[in-house]
Structure formats: structure tokens, C-alpha cells
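# Descriptive structure summary
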Amino acid sequence: MVHDSRFWIRSLFCIAAAFIGFAVADPIVESLSNAGAFGPGNYTDRSLIDVLPAMLVGATAAAAWLVIYVRRAFGWRVADPKWILQPAVAVDARFVTRALPAILCTQIVILFALETAEQFAVYGHVLGPLVWLGAPVAISLAAHAFASCVVTLALLRVLRNGARAILAAVVFVARSVAHRLPDGPVPQSRRQPALRPLSLTLLARRTGERAPPFSA
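Residues numbered from 1 in each chain as written. Predicted model: local features only at pLDDT ≥ 70, side-chain atom pairs only at ≥ 80, totals over all residues. Heavy atoms only, no water.

## Observations regarding the overall build of the protein chain
Threshold: Secondary structure elements follow DSSP: runs of H or I no shorter than four residues count as helices, runs of E no shorter than two count as strands, and numbering proceeds from the N terminus. When accessible area is computed with a 1.4 Å probe and restricted to protein chains, residues below 20% of their type maximum are described as buried, those above 50% as exposed, and intermediate ones as partly exposed. Any two residues whose heavy atoms approach within 4.5 Å at even a single point are treated as in contact. Accessible surface area values rest on a Shrake-Rupley calculation with a 1.4 Å probe, where residue burial reflects the displayed protein chains alone.
Helices and strands together make up the secondary structure of the protein chain, namely seven helices and zero strands. Starting at the N terminus and ending at the C terminus, the protein chain contains elements arranged as α-α-α-α-α-α-α. Each of the 216 residues in the protein chain was classed as buried or not, and the buried ones make up 40%. Partitioning the intrachain contacts of the protein chain with sequence separation of at least 6 by distance along the chain shows that 81% fall at a separation of at least 24. Of the roughly 12000 Å² of accessible surface on the protein chain, 69% is carried by carbon and sulfur atoms.

## Some details on unusual backbone geometry
Excluding glycine, residues mostly carry a negative phi; peptide bonds, for their part, are mostly trans. Backbone geometry at arginine 46 places phi at a positive 55 degrees, although glycine is not the residue there. Here arginine 46 lies in the loop between α1 (2-34) and α2 (51-74).

## Regarding the packing of helix α4 (residues 93-123) against helix α5 (residues 137-180)
Our working definition: Note on geometry: axes are C-alpha line fits, over the in-contact stretch for helices, and angles between N-to-C directions span 0 to 180 degrees. We call two directions roughly parallel when the angle between them is under 35 degrees, roughly antiparallel when it is over 145, roughly perpendicular when it lies between 65 and 115, and oblique otherwise. What makes a crossing left-handed is the near helix being turned counterclockwise from the far one by less than a right angle; a clockwise turn instead makes it right-handed. In this classification, Asp, Glu, Lys and Arg are treated as charged, Ala, Val, Leu, Ile, Met, Phe, Trp, Tyr, Cys and Pro as nonpolar, and every other residue, Gly included, as polar.
With their axes 9 Å apart at the nearest point, α4 and α5 run at an angle of 135 degrees to one another. Regarding the angle of α4 to α5, the classification is oblique. Handedness of the crossing formed by α4 with α5: right-handed. Together, Ala93, Val96, Leu100, Ile103, Leu104, Gln107, Ile108 and Leu111 of α4 and Ser140, Leu141, His144, Ala145, Ser148, Cys149, Thr152, Leu153 and Leu156 of α5 make up the contact between the two elements. Here the contact of α4 with α5 is built from residues that sort into twelve nonpolar, five polar and no charged.

## A word on the nonpolar core
How we decide: Only buried residues count toward a nonpolar core. Its members are Ala, Val, Leu, Ile, Met, Phe, Trp, Tyr and Cys residues joined through side-chain atoms within 4.5 Å.
Membership of the largest hydrophobic core comes to 34 residues, with the highest contact counts inside it found for Phe13, Trp65 and Val91. Those elements that provide at least two residues to this core are α1, α2, α4 and α5. Element by element, the count of residues in this core is highest for α1, at eleven residues. When sequence neighbours within four positions are dropped, the list of residues in contact with phenylalanine 13 reads Trp65, Val91, Phe95, Val96, Ile103, Thr152, Leu155, Leu156 and Leu159.

## Description of the environment of leucine 104
Following the sequence through the fold, leucine 104 ends up in helix α4. Placed 82 residues apart in sequence, leucine 104 and phenylalanine 22 show a C-alpha to C-alpha distance of 9.3 Å. Not counting chain neighbours up to four residues away, the residues in contact with leucine 104 comprise His144, Ala145 and Ser148.

## Quick word on the confidence of the model for the protein chain
In plain terms, the rule: What pLDDT conveys is the predictor's confidence in a given residue, as a value from 0 to 100.
With 74% of its residues at a pLDDT of 70 or more, the protein chain has an overall mean of 80. Contacts of residues 202-212 to residues separated by more than four positions or lying in other chains number 29 contacts, the stretch itself having pLDDT below 50.

## Considering the environment of arginine 164
Operational definition: Counted as a polar contact is a pair of N or O atoms within 3.5 Å, where, for protein atoms, one must be capable of donating a hydrogen and the other of accepting one, and residues adjacent in sequence contribute only when both atoms are in side chains.
Within the secondary structure, arginine 164 is located in helix α5. Accessibility expressed as a relative area gives 35% for arginine 164, which makes it partly exposed. Residues arginine 164 and leucine 66, 98 residues apart in the sequence, show an inter-C-alpha distance of 9.9 Å. A distance of 3.0 Å separates polar atoms of two side chains, one belonging to arginine 164 and the other to asparagine 161.

## Examining the packing of aromatic side chains
Heads up, the condition is: Between the rings of Phe, Tyr and Trp (Trp by its six-membered ring), a pair exists once the centres lie within 6.5 Å; its type follows the angle of the planes, with under 30 degrees stacked, over 60 edge-to-face, and the other angles tilted.
Across all of its chains, the model carries three aromatic pairs by this definition. With a centroid separation of 5.2 Å and 90 degrees between ring planes, the pair formed by phenylalanine 112 and tryptophan 132 is classed as edge-to-face. Here tryptophan 132 lies in the loop between α4 and α5 and phenylalanine 112 lies in helix α4, a separation of 20 residues in the sequence. Looking at tryptophan 132, the relative accessible area reads 15%, which means it is buried.

## Structural notes on a nonpolar patch on the surface
To be explicit about the condition: Each patch is assembled from residues with relative accessible area greater than 30% and no salt bridge, linking like charges that lie within 9 Å and nonpolar side chains (Val, Leu, Ile, Met, Phe, Trp, Tyr) that lie within 5 Å. Criterion for a salt bridge: a side-chain nitrogen of Lys or Arg within 4 Å of a carboxyl oxygen of Asp or Glu.
A cluster of nonpolar residues, Val24, Ile28, Leu32 and Met55, forms a patch on the protein surface that exposes about 310 Å² of accessible area. Broken down by element, the residue count for the nonpolar patch peaks at three residues, all from α1. The topology assignment puts leucine 32 in helix α1. A residue is classified by how much of its surface remains accessible, and leucine 32, at 41% relative accessible area, is partly exposed.

Dropping the structure here:
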């Protein structure tokens, strides 16, 4: 369970970064090409219909990342507060540094696949062997590499801050519930249905005035 969660957390982050990186870089590169910034060559198909689907896929992967991360951090399937207080340590700066080449390669594959499919959808055939790049080879690859680094680092910050905010909100709610629940034993007939609320209540009581630790 732990290793599966770690795999999905890391995979979804890389997928989100690659799709969003493409959705950010491609329209910029193509717009510059269409404006003649790289000379009179025919570098684009003059269509951006693939950008919105790519952004939606990236946003969906990012949302799934948040769900899995928060679910694992709170350990909703167990009632042991010691386990709950150990958030996932799966995506950090060290991992992102190692993963950047793979994210960039994935982004280039997405660029080729979506641009080629777009040419078939709009024109019914491929316009040329390198039109999918949207610009001269070196310029296109450099632009996508730069966008990949910026988007990946920004996404790491946004997702971790978002997860931190969600965790803090859940702890606040759990703390409020903990103050209202009696301290006496829970009746036998009610123990099983109350397993998940009690887990969060134990979390709130153990953390006191602090949120659960979050990996730096």
C-alpha cells in the first residue's frame, strides 16, 4: 500500500508536469513562429486545439495527486494515530531534480503525439517531418526544456502548498469535532462506523495546536 501510493504520487506528478509544461510552452513557441520571429519558414500548423485537452489532462493528474497524497498522509484506512502522523515523503526537491529529464522527455513525446494528431485532425495529413516542433529544432527544444523546469518547480510549490492547506483544514475540522465529543468510551455498537472520524479526532488531540508534520 505504501509503495503503491508512493509510485502513483510520483507518476501523477510527472504526468501533470509534462502535460502542463506542453500546454504552456507550445502556444508561446507557435505564436512566435506564426509572427515570423524565426524567419519565413513554415514551422507550425497554425492551430492550437490540442492545448486545452493537454491542460485538462495535466490539471486532472494534479488533482488526483492531491487526493492520493492527502489520503495517504491521513491514513484513512487505519485507526492508528501514530501512522496518521507520518505524511507521505514522495515528492521533494531531490526527487524533482532527478525526475526533470524524464519529465522533459515525456513532454517532448506529448508534443510529438498531440501535434501530429492535430495535423491529421485539421488537415487530414502530416504537414512535414518537423512541423510538430513548432519552431527550429534547437529553439523549440530549448523553449520546452525551459518551460519544463519552470512548470515543474512551480507545480511542486503549488501542489505542496495546496496539500498543506487541505491538511490544515482537515485538522481544524477534526479539532473542532474532538472538542465536542465526550471523553468516555465509545459504545461497542458504534465503534466500527466511527472508525474514520475517530482517527481524525485522535490526530487532532495528539497534535494539540500544531498541524501534522509535512515533509520539507
